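Structural features, examined
As a plain string of letters, each chain reads:
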Amino acid sequence: KAAEVEGPVLLIPNHLSWVDWLFTGLCLDTDWKFVASSVPARHSKFHAWVLSNPRIFLIDNQSPYAVKEMAAHLKNGGKLVLFAEGRMSRTGTLQRLFEGTGFLLQKTGAKVITCHLRGAQRVLASPHRGWKRWFPKVSTHFSDPVEPPKFEGLKPTEERAKLTQWIRDRLVRAQFEVDME
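These remarks concern the structure in this document. None of the values given here were measured: they were computed from a predicted structure.

A word on the nonpolar core
Counting 20 residues, the largest nonpolar core has Leu10, Met70 and Leu105 as the members making the most contacts within it. Elements supplying a minimum of two residues to this core: strand 1 (9-13), strand 3 (56-59), helix 4 (66-75), helix 5 (100-108) and helix 6 (156-180). If near-sequence neighbours (up to four positions away) are discounted, Leu10 is found in contact with Leu74, Leu80, Leu82, Thr101, Leu104, Leu105, Ala110, Lys111, Val112 and Ile113. Judged by nonpolar contacts, the second largest core, of 13 residues, contains Val9, Phe23, Phe83 and Ile113.

Section: a nonpolar patch on the surface
Taken together, the side chains of Phe46, Trp49 and Val50 define a hydrophobic patch exposed on the protein surface, amounting to about 360 Å² of accessible area. Counting through the fold element by element, Phe46 comes out in helix 3 (residues 45-50). Look at Phe46 and you get exposed, because its relative accessible area is 54%.

Digging into the sheet that holds strand 6 (residues 139-142)
Taken together, six strands build an open sheet; the order of strands is 3-2-4-1-5-6 and the sheet is mixed. Every interior strand has two partners, whereas the edge strands, strand 3 and strand 6, have only one. In this sheet, neighbouring strand axes are inclined to one another by 25 degrees on average, regardless of whether the strands run parallel or antiparallel. Note: strand 2 (residues 32-37) against strand 4 (residues 79-81), three bridges, orientation parallel.

Concerning the environment of Val35
Within the secondary structure layout, Val35 lies in strand 2. Distance from Val35 to Val81, taken between C-alpha atoms, is 6.1 Å for residues 46 residues apart in sequence. In this structure Val35 touches Phe57, Ile59, Met70, Leu80, Val81 and Leu82, once residues within four positions along its chain are discounted.

Regarding the side chain of Lys111
In this fold, Lys111 is placed in strand 5 (residues 111-118). Buried charge Lys111 goes without a salt bridge, the closest partner of opposite sign being Glu147 at 4.7 Å. Not counting residues up to four positions away in its chain, the partners in contact with Lys111 are Val5, Glu6, Gly7, Pro8, Val9, Leu10, Pro145, Val146, Glu147 and Pro148.

Observations regarding the pairing of strand 2
Examined bridge by bridge, strand 2 and strand 3 share four bridges and lie parallel to one another. When the bridges of strand 3 are listed, Phe34 appears paired with Ile56.

Rules used in this analysis
Each chain has its residues counted from 1, following the order in which its sequence is written. This being a predicted model, a pLDDT of at least 70 is required before a residue's local features are given, and a value of 80 or more before pairs of side-chain atoms are given or counted; all residues contribute to the totals for chains, interfaces and linings. Excluded from the side-chain calculations are hydrogens and water; all other atoms, namely the structure's heavy atoms, are used. Each nonpolar core is a collection of buried residues, namely Ala, Val, Leu, Ile, Met, Phe, Trp, Tyr and Cys, held together in the definition by side-chain atoms within 4.5 Å. Classification of residues uses two cut-offs on accessible area relative to the type maximum, computed with a 1.4 Å probe and protein chains only: under 20% is buried, over 50% is exposed, and between them is partly exposed. Under the DSSP-based scheme used, a helix requires at least four consecutive residues in state H or I and a strand at least two consecutive residues in state E, with every element numbered from the N terminus. Here a residue-residue contact requires only that any non-hydrogen atoms of the pair lie within 4.5 Å. A patch consists of residues exposed above 30% relative accessible area that lack any salt bridge, with like charges linked at up to 9 Å and nonpolar side chains (Val, Leu, Ile, Met, Phe, Trp, Tyr) linked at up to 5 Å. Using a 1.4 Å probe, accessible areas were evaluated by the Shrake-Rupley method; residue-level cover was limited to the displayed protein chains. Throughout this description, the term salt bridge denotes a Lys or Arg side-chain nitrogen within 4 Å of a carboxyl oxygen of Asp or Glu. Each pair of strands is called paired provided DSSP finds at least two bridges between the two strands. Only the stretch in contact is used when fitting a helix axis, every axis being a line fitted to C-alpha atoms; angles between N-to-C directions are given from 0 to 180 degrees. Here the positive residues are Lys and Arg and the negative ones are Asp and Glu; neither His nor the chain ends is included.

Here it is as structure tokens:
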């Protein structure tokens, strides 16, 4: 599903560990780019080396232009993987999504694919305080690509908020459906 879709498309996984990019990336073609902050590269040669990967779309998350750079990539038919929570969950539950996610959909009309990483909070590279294992069972579940809804007659800020909430609702629904299987 995710590998075959044409851009612009935004893939949004939940974020549970330092290696979520690996669990997601193994299932995707090389034309997908992972959004990552350039801040760690400023403080560590290791991070600078990791973030030099051509599949990384580096942004300065302290810059007001970061979301506009992502929007420009999407408008050109790009495919982005965005951990929209912006931080890893320490409880295993979905965190609040950044409003920039709704802005991306509002400005680009990109298709959305949600991804639920089940069991990733059990890997050793997770900040989750619960039990962990060397090789836990982790599964990756992608939704079908969907067009974002249109919210007519709203102020732009209200529309962005509605789009962000729509994505969060889809992520919660994906987790529920996977867990109920």
